[in-house]
Amino acid sequence: MSILEILHYPDPRLRKSAKPVEKFDAQLREFADNMLETMYHSSGIGLAATQVGVAKRVVVIDVSEERDQPQFLINPEILAREGEEISEEGCLSVPAIYEKVSRAERIRFKAQDKNGDMVEMDAEGLLAVCIQHEIDHLDGKLFIDYLSGLKRQRIRKKLEKEARLAQA
Ligand code: GNR
Ligand code: NI
């Protein structure tokens, strides 16, 4: 297993739209396991393949307190949305920024597991927020896109400065 490098905004690779997974083979399972290890290593509750520079529709999630309930969502799709809820979001690709975002309160979604078997489920609360956040990543979208242009520009300048300092 290995820890993958997580891209930071404004890296252009975060804006790519991910392609559906077609082959459910050992390589996919190894990649998904590496994503899970990377997510736990960074103390995240979710991670999309886009964030590690891979344009495939693979998501890992674990919203449990004990960090022992991993979920692998391959080719995830939202089938229905209900209600609206505002909650504070963060993102491993937008480090140390937390802002309020409005999302559907409940969703019905489908996804394939690591073996390619289709599952259909309902989600609410933090899990629903996380799934919506991760599917956005697969479509090249970030939670800061829901903020004002001015706020987003401030965040971009801050992270660009941090990237320059890390380089020097
Ligand atoms: O770890 C994460 N926490 C989080 C908190 C509120 C809403 C969404 C998230 S997802 C984030 C990890 C991440 O960046 N996934 O893409
Ligand atoms: Ni994120």
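Presented here is an overview of the structure given in this document. Residue positions are counted from 1 within each chain, in the order its sequence is given. Written order determines the labels here, with chains lettered from A and ligands numbered from 1. For this predicted model, a pLDDT threshold of at least 70 governs which residues receive local features, and a threshold of 80 or more governs which side-chain atom pairs are given and counted, while totals over whole chains, interfaces and linings are taken from all residues. Each side-chain value is derived from all of the structure's non-hydrogen atoms; neither hydrogens nor water enter the calculation.

1. Digging into the nonpolar core
The condition that has to hold: Each nonpolar core is a collection of buried residues, namely Ala, Val, Leu, Ile, Met, Phe, Trp, Tyr and Cys, held together in the definition by side-chain atoms within 4.5 Å. Classification of residues uses two cut-offs on accessible area relative to the type maximum, computed with a 1.4 Å probe and protein chains only: under 20% is buried, over 50% is exposed, and between them is partly exposed. By definition, any uninterrupted DSSP run of H or I lasting at least four residues is a helix, any uninterrupted run of E lasting at least two residues is a strand, and each is numbered from the N terminus. By the convention used here, residues are in contact when the closest approach between their heavy atoms is within 4.5 Å.
Counting residues in each nonpolar core, the largest one holds 17 residues, and the members touching the most others are Val59, Ile61, Leu73, Ile107, Phe109, Ala123 and Ile131. Looking at this core, the elements that each hand over two or more residues are strand E2 (58–61), strand E3 (71–82), strand E6 (106–112) and helix H2 (125–138). Residue contributions to this core peak at six residues, all from H2. Residues contacting Val59, with those up to four places away along its chain left out, are Met35, Leu47, Ala48, Gln71, Phe72, Leu73, Pro76, Glu134 and Leu138. By size, the runner-up hydrophobic cluster in this structure holds 15 residues, among which are Met35, Leu36, Leu47 and Val60.

2. A look at the coordination of the nickel ion (ligand 2)
Rule in force here: In this description, a donor is an N, O or S atom within 2.8 Å of the metal centre, a cutoff extended to 3.2 Å for sodium, potassium and calcium. Water is not part of the atom list, which can make sites seem incomplete.
The coordination sphere of the nickel ion (ligand 2), as far as protein atoms go, consists of Cys91 (SG), His133 (NE2) and His137 (NE2), spread over 2.1 to 2.3 Å. All donors to the nickel ion (ligand 2) come from one chain, and their sequence spacing reads C-x41-H-x3-H. Placement of the pair is His133 and His137 together in helix H2, with a separation of four residues, close to one helical turn. By relative accessible area, which is 1% here, His137 ends up buried.

3. Brief notes about the side chain of Asn34
By the secondary structure assignment, Asn34 is in helix H1 (residues 26–41). Other than its neighbours up to four places away in sequence, Asn34 contacts Met1, Ser2 and Leu4.

Any functional reading would require information beyond the geometric quantities listed.
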